[in-house]
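# A closer look at the structure
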Amino acid sequence: MTPEAQQMIDQVAKLIRKPNLQIDENTPLVSSGLIDSMALVDLLIKLEDITHLRIPAGKVQPKDMNTVALMFATAQRVGKPRK
Amino acid sequence: MVDALLSAPSDRPFVTAWIDEDEQETATFGEFRRMAQTQALLLKDNGVSVGDRVVLIMPQGIPLMATFVGAMLLGAVPAILAYPNFKVEPSKYRFGLAGVTANLHARVVVIDNEFPDDLLGHVSLGDARLLRAAEAGVSGGEVDLPDPGNGPDSLAFIQHSAGTTGLQKGVALTHAAVLRHLEHLSAVLSIDERDIVYSWLPLYHDMGLIACFILPMVCHLHVVMQSPLDWVMHPDTMLQIFTDYKCSLAWLPNFTFQFVPRRTPKERWSNFDMSSARALINCSEPVRASSMNEFCSAFAPCGLKQSALQSSYAMAENVFAVTQSGIHGKAGPEVIWADGQRFRAEHFIAQVPEGSPGAIAFTSSGELLPNNRMQIVSDSGEVLSGGYVGEIAIQSDSLFEGYYNRPDLTERAIRDGWYYTGDLGFYLDDELYVVGRKKDLLIIGGENIYPQDIEEIVCSHAAIHDGRAIALGVFNPDLGTEDIVVVAEVEKDELLRQADEIEREIRSSVVANMGVAVRTIFLKPPKWIVKSTAGKAARSTTREKLLKEHPELAGES
């Protein structure tokens, strides 16, 4: 796993507040109800920080954020390099 | 409305869609007309004609606006619905989408190419044709479309009333009502063509649609807009846009005035120039002087004038604004202080000096627009005199015709020619003060308690995250009255260890300020409270969540 993915997983773990739950890159987060839609704003901001990309939020749907792996794929698909 | 667009100077900028610092797209009035005409021809080819409803489910931007006007060019009746996004609960969105589209009986539903397939099944098509939005071309000259022959009393469009629960209601508006409204609004705001409007507001709400799209179109103003989602992620972009485009007008809900300074790092404040702002109008939520003061003190060093902070009371049913504060005043809207005890016990405003013990501050939403009338009505239907709090009822020459296809709802809302808003307020010295929603009011032992007042006290505790507290009434069958229950988020998880102490402090400050006791305080970790669009605490959804987690409360109600 890349250090970036680990950073994102740590962030997710903070948001869901279930210390004993093991999360990996492919754990479903949205469809399983582990995180709610409001938390996704924070995750998207974190994703911008980690990837150094600007992510147009309007192009992102809940399913694009369902797993940490999908988050990075979404960032690559719609993100733009930042100045 | 269409005539106003047709008479606009071709080379004047109309809409700038601001994507980010590097990407902005501007359409002049001439370019916009061509885009709208292209869309009109496409809609016509798909069978749209005079009076047909056209439903638009597209992301915020110029193509959406051009399609909206394209439908109006044919004399059809467009309605913009919210576009799905990652912040909206999918189940709630699907439910709303199905109900609203079914009620409209549209000829055509226009969606964009990226509309998620899994949601398509929830668009109620009936006999409607589904159309994928096409590029709105600007090539070629302008096209002459035949005048659809609409009279002033034909429907111009349907805008949906802002509602957080249940189905949104379609508010049907005629051309004449919209134009009369814009005439009043532009007069009280002294609009002139040098004004530049800033907006992050969604186009499916009256504030975004009327103030930031139709008003600029009719008055030939430039509007710079960004999507609500992009703004929520980077609220400081609002300051950047004011700086770059020298915007003069904006309409903003109350929470924006706190959200922007709190989410913009202090060391960046001096990078912005807010001196061009002529009126930042606090609208759509009860207006709080403390929020506006926070914004004002943060950005006064950037040239923000205190006189720019303004307020308004508005609703889709009246096209838009009912009142507007005097924008030529020096210090923004009127603030008064009233005896808290008499306010709660007698529903009466007895003015007291600022800062008196137990006093409550109220911020005015301004004076009535021309040809608008207002009554404050008690629960028993009696018209109250100045200073008494009751339900706000309005009449005007821009009032809606009724809820589209919903005579049942219309009958409940419009009685004897007055529209009952469901908002509580009082009218004093020609100024309207809005105090809250009628259905949110708590009645505790015969006293009227506004949850917002308790929430403000709870949030002033250092351990509580500002804006993240909700006060609810829960029926207590032993006492035959409601008890106050508070749920609040602490700033950090660690603070939950001191819960007993925090609870004690909150209890005593609520009793000291309001003279009522809170039955139970639930302290929750950060992010527990359910938020609505862009960060407001959603009262009803939070209530459901609390009752689910604490069924002992529901058992007693």
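Residues numbered from 1 in each chain as written. Chains lettered and ligands numbered in written order. Predicted model: local features only at pLDDT ≥ 70, side-chain atom pairs only at ≥ 80, totals over all residues.

## Brief notes about the overall build of chain A
Of regular secondary structure, chain A possesses three helices and two strands. Shown N-terminal to C-terminal, the secondary structure of chain A runs as helices and strands in the order α-α-β-α-β. Over its C-alpha trace chain A gives a radius of gyration of 12 Å, about what one expects of a compact globule, namely 12 Å for 83 residues. The buried share of chain A, reckoned over its 83 residues, is 30%. (Helix = DSSP H or I, 4+ residues; strand = E, 2+ residues; numbered from the N terminus. Rg over C-alpha atoms; globule rule 2.2 N^0.38 Å. Buried ≥ 20, exposed ≤ 12 C-beta atoms within 10 Å, placed from the backbone.)

## Things to note about the domain arrangement of chain B
Under the domain assignment used here, chain B contains domain 1 (2–233) and domain 2 (442–555). Domain 1 of chain B and domain 2 of chain B are separated by 39 Å when their C-alpha centres are compared. (Domains from an automatic or database assignment.)

## Considering unusual backbone geometry
Residue and element names in this part refer to chain B. Located in the positive-phi region is His105, a residue other than glycine, with phi close to 45°. For His105, the position within the fold is in the loop between helix 4 (90–104) and strand 5 (108–111). His105 gets classed as partly exposed once you count the C-beta atoms within 10 Å, which come to 15. Positive phi, close to 75°, is recorded for Lys527, a residue that is not glycine. With respect to the helices, strands and loops of the structure, Lys527 is situated in the loop between strand 28 (518–524) and helix 16 (539–549). Looking at Lys527, the number of C-beta atoms within 10 Å reads 19, which means it is partly exposed.

## Things to note about the sheet that holds strand 11 (residues 249–252) of chain B
Residues and elements named next belong to chain B. Spatial strand order, 2-1-10-9-11-12-13-14-17: nine strands in an open sheet with mixed pairing. Where the open sheet ends on each side, the last strands, each with one partner, are strand 2 (23–28) and strand 17 (367–368). Where strand 1 (residues 13–20) meets strand 10 (residues 222–225), three bridges bridge the pair, whose relative direction is parallel. Residue Ala17 lies in a different strand from strand 10, and its bridge partner there is Met225. (Pairing = 2+ DSSP bridges.)

## Quick notes on the interface of chain B and chain A
Of the residues lining the interface, 20 residues belong to chain B; the matching set on chain A comes to 18 residues. Of all the secondary-structure elements, those providing two or more residues to the side of chain B that touches chain A are strand 1 and helix 8 (228–233) of chain B. The element best represented in the side of chain B that touches chain A is helix 8 of chain B, accounting for four residues. A per-class count over the side of chain B that touches chain A returns 11 nonpolar, two polar and seven charged. (Contact = placed C-beta atoms within 7 Å. Nonpolar A, V, L, I, M, F, W, Y, C, P; charged D, E, K, R; others polar.)

## Side note on the confidence of the model for chain B
Any region with low pLDDT has predicted coordinates that should not be read closely. A residue-level look at chain B finds 95% of positions with pLDDT of 70 or above and a mean pLDDT of 89. Interface confidence for the predicted complex, expressed as ipTM, amounts to 0.81; the pTM equals 0.84. (pLDDT = per-residue confidence, 0-100.)

## So, the pairing of strand 3 (residues 53–57) of chain B
All names here are of chain B. Burial within strand 3 is extensive, with five of its five residues counted as buried. Where strand 3 and strand 4 (residues 77–80) come together, four bridges link them in parallel fashion. When the bridges of strand 4 are listed, Val54 appears paired with Pro78. In this fold, strand 3 hands off to helix 3 (residues 62–73), which returns the chain to strand 4; that crossover is right-handed. Alignment of strand 3 against strand 5, held across four bridges, turns out to be parallel. Note on strand 5: the bridge partner recorded for Ile57 is Ile111. (Right-handed = clockwise from strand over helix to strand, strands pointing away.)

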